[in-house]
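# Geometric and topological summary
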Amino acid sequence: RSTMAKCFLGSTDVEEDLEARMRVMNTAIENAHASPNWDRSNATLKIFMAPEFFWRGPQGAYPMTPEFATAVRRIIGDLEQRLGSDRFQDWLFVLGTVI
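Anyway, here's the lowdown on the structure attached to this text. (Residues numbered from 1 in each chain as written. Predicted model: local features only at pLDDT ≥ 70, side-chain atom pairs only at ≥ 80, totals over all residues. Heavy atoms only, no water.)

Turning next to the nonpolar core. The biggest cluster of nonpolar side chains holds 20 residues, and the ones touching the most others in it are M25, W55 and L95. Breaking this core down by element, the ones donating at least two residues are α1 (14-34), α2 (66-83) and β2 (91-94). No other element matches α2, which puts 6 residues into this core. Dropping the residues within four chain positions of it, L95 is found in contact with M25, I29, F48, A50, F54, W55, L79 and L83. (Core = buried A, V, L, I, M, F, W, Y, C linked by side-chain atoms within 4.5 Å. Buried < 20%, exposed > 50% of the residue type's maximum accessible area, 1.4 Å probe, protein only. Helix = DSSP H or I, 4+ residues; strand = E, 2+ residues; numbered from the N terminus. Contact = heavy atoms within 4.5 Å.)

A few words now on the environment of E67. Note on placement: E67 falls in helix α2. Take E67: its relative accessible area is 57%, and that puts it in the exposed class. The spacing of E67 and E15 is 52 residues in sequence and 8.1 Å in space, taken between C-alpha atoms.

Moving on: the environment of S41. Within the secondary structure, S41 sits in the loop between α1 and β1 (46-49). Residue S41 is classed as partly exposed on the basis of its relative accessible area, which comes to 29%. Once the C-alpha coordinates of S41 and L95 are considered, the two residues, 54 residues apart in sequence, prove to be 23 Å apart. Those residues in contact with S41 that lie beyond four places of it in its chain are K46 and D90.

As enumerated under the stated definition, the model contains 7 aromatic pairs in all. Aromatic pair W91 and F93: ring centres 5.8 Å apart, planes at 10°, arrangement stacked. The exposure classification of W91 matches that of F93, with both residues buried. Chaining the aromatic ring pairs together yields one cluster made of W38, F48, F88, W91 and F93. (Phe/Tyr/Trp six-rings, centres within 6.5 Å; stacked < 30°, edge-to-face > 60°.)

A few words on the pattern of salt bridges. Inspection of the entire model under this criterion finds 6 salt bridges. In this structure, E19 engages R74 in a salt bridge whose closest nitrogen and oxygen atoms are separated by 2.4 Å. Separated by 55 residues along the polypeptide, E19 in helix α1 and R74 in helix α2 bring together distant segments of the chain. A residue is classified by how much of its surface remains accessible, and E19, at 28% relative accessible area, is partly exposed. Overall, the relative accessible area of 32% leaves R74 in the partly exposed class. The residue K46 makes a salt bridge to D90 at a minimum N-O spacing of 4.0 Å. With K46 in strand β1 and D90 in the loop between α2 and β2, this pair connects stretches of sequence that are 44 residues apart. Per residue, the accessibility class of K46 equals that of D90, and both read buried. Several salt bridges share partner residues, and in doing so they unite E15, E19 and R74 into one network. (Salt bridge = Lys/Arg side-chain N within 4 Å of Asp/Glu carboxyl O.)

Below is the structure:
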């Protein structure tokens, strides 16, 4: 079975789509941190950069609804909590665009 068979391509349900993108982002961040291929010195800035438009729905821009705003606030809160931990103190995260 190819790896593309497991690739997330988006959901028309906005909340489901955002949650799935959050899982993909968390996996990418954890994989980057677990990798042996970065300098662990606190004198070195580590940069994690997600693709532009990562947070874009499969049909384009998300509808600006109260439900969308609530979901985005929850996701931003989750990201702030995760990325604010001491293990990421020397990291800069560029997490893509939300549109």
